[in-house]
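Fold and contact review
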Amino acid sequence: MSGQTKSKSGILYPDMYVDSLLDIPLDELQGKNIKAFILDLDNTITEWNSNYIREEIAAWFKTILDQGFKACILSNNGQQRVVQVAQSLGIPFISRAKKPRRGAFRRAVELMGVQPEETAVIGDQIFTDVLGGNRAGLFTILVVPIARREFVGTKFSRAMEYFVLRRLRKDRFPTK
Ligand SMILES: [Mg+2]
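Keep in mind it's a predicted model, so treat the numbers as computed, not measured.

Regarding the side chain of Thr119
- Looking at the element boundaries, Thr119 is found in strand S5 (residues 119-123).
- Exposure remark for Thr119: the relative accessible area of 0% places this residue in the buried category.

Observations concerning the coordination of the magnesium ion
- The protein atoms that coordinate the magnesium ion are Asp40 (OD), Asp42 (O) and Asp124 (OD), at distances of 2.0 to 2.2 Å.
- Mapped onto the sequence, the residues coordinating the magnesium ion show the spacing D-x1-D-x81-D. Both residues of the pair, Asp40 and Asp42, belong to the buried class.

A short note on helix H2 (residues 55-66)
- Taking 1.5 Å of rise per residue, the 12 residues of H2 would be expected to cover 16 Å, and the 16 Å separating its terminal C-alpha atoms lies within 8% of that figure.
- Every buried residue of H2 is listed here: Ile57, Trp60, Phe61 and Ile64. Buried residues of H2, seen end-on, are gathered within an arc of 100 degrees and therefore sit on one face of the element. Turned more than 90 degrees off the buried face of H2, the exposed positions are Glu55, Lys62 and Asp66.
- Just downstream of H2, Gly68 is the residue with a positive phi angle, here 95 degrees.

Section: the environment of Asp40
- Considering the arrangement of structural elements, one finds Asp40 in the loop between strand S2 (36-39) and H2.
- Residue Asp40 is classed as buried on the basis of its relative accessible area of 8%.
- Sequence separation of Asp40 and Gly123 is 83 residues, and the distance between their C-alpha atoms is 4.9 Å.
- Contact partners of Asp40, with chain neighbours within four places excluded, come to Ile45, Leu74, Lys99, Ile122, Gly123, Asp124 and Asp129.
- In this structure the side chain of Asp40 is engaged in a polar contact, spanning 3.0 Å, whose partner is the side chain of Lys99.

Section: the nonpolar core
- Phe37, Ile45, Trp60 and Phe61 are the most contacted members of the largest nonpolar core, which has 29 residues in total.
- Looking at this core, the elements that each hand over two or more residues are strand S1 (16-18), helix H1 (26-31), S2, H2, strand S3 (70-74), helix H3 (79-89), S5 and strand S6 (139-143).
- Phe37 has contacts with Leu26, Leu29, Trp60, Ile64, Phe69, Lys70, Ala71, Cys72, Met112, Ala120 and Ile122, leaving out every residue within four places of it along the chain.
- In terms of nonpolar packing, the next biggest core, distinct from the first, is built from 15 residues, Ile94, Ala97, Val109 and Leu138 among them.

Focus on the pattern of salt bridges
- For the structure on display, the rule yields six salt bridges.
- Between Arg81 and Asp42 there is a salt bridge; the shortest N-O distance is 2.6 Å. Placement of the pair is Arg81 in helix H3 and Asp42 in the loop between S2 and H2, with a sequence separation of 39 residues. This pair shows no difference in class: Arg81 is buried, exactly as Asp42 is.
- Two residues, Lys62 and Asp66, come together in a salt bridge whose shortest N-O distance is 2.9 Å. You can see Lys62 and its partner Asp66 sitting in helix H2, four residues apart, about one turn around the helix. The same class applies to Lys62 as to Asp66, namely exposed.
- Sharing partners across several salt bridges, the network here consists of Asp40, Lys99 and Asp129.

Rules used throughout
Residues numbered from 1 in each chain as written. Predicted model: local features only at pLDDT ≥ 70, side-chain atom pairs only at ≥ 80, totals over all residues. Heavy atoms only, no water. Helix = DSSP H or I, 4+ residues; strand = E, 2+ residues; numbered from the N terminus. Buried < 20%, exposed > 50% of the residue type's maximum accessible area, 1.4 Å probe, protein only. Donors = N, O, S within 2.8 Å, 3.2 Å for Na, K, Ca; no water. Expected span 1.5 Å × (residues − 1). Arc of directions from axis to C-beta. Contact = heavy atoms within 4.5 Å. Polar contact = N/O pair within 3.5 Å; in protein donor to acceptor, adjacent residues only side chain to side chain. Core = buried A, V, L, I, M, F, W, Y, C linked by side-chain atoms within 4.5 Å. Salt bridge = Lys/Arg side-chain N within 4 Å of Asp/Glu carboxyl O.

Geometric values such as these leave the question of function open.
Quick look at the structure:
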């Protein structure tokens, strides 16, 4: 599989940075020939370790599916955690994805029957979602985490992210 090539220094930078799923410019992505989304679960679709899907998030999924986008949840969490959300949204999932390793990103692309260059990764973490998506040659979209209520293990990553984000805001997204 071939994807777009990204420079080594840009491997931690998303191609797009938005506040939430609701702010993703679908027309612009269609213009870039994006046809499928690989979505992180915790803090991207739901709050951390919660199965509750906000009404507007559920409506957003209906919108993208109606517009012909494909979608797949890719989570490092276990199947038990992921299956209920995936089923209620009516989309496939891959659990225990071992992000940022590339394997599961490639499996998700294959599962949706699209090409890597037609696929965008959406997630709230630079060191799993963005890094993994970039390494797999996919378009990457960083969202602001839904809640700060998180697994304690991500605290270190968050501290590292702070420095990357500070530079990112300055360099690429001066309004953030
Ligand atoms: Mg997440």
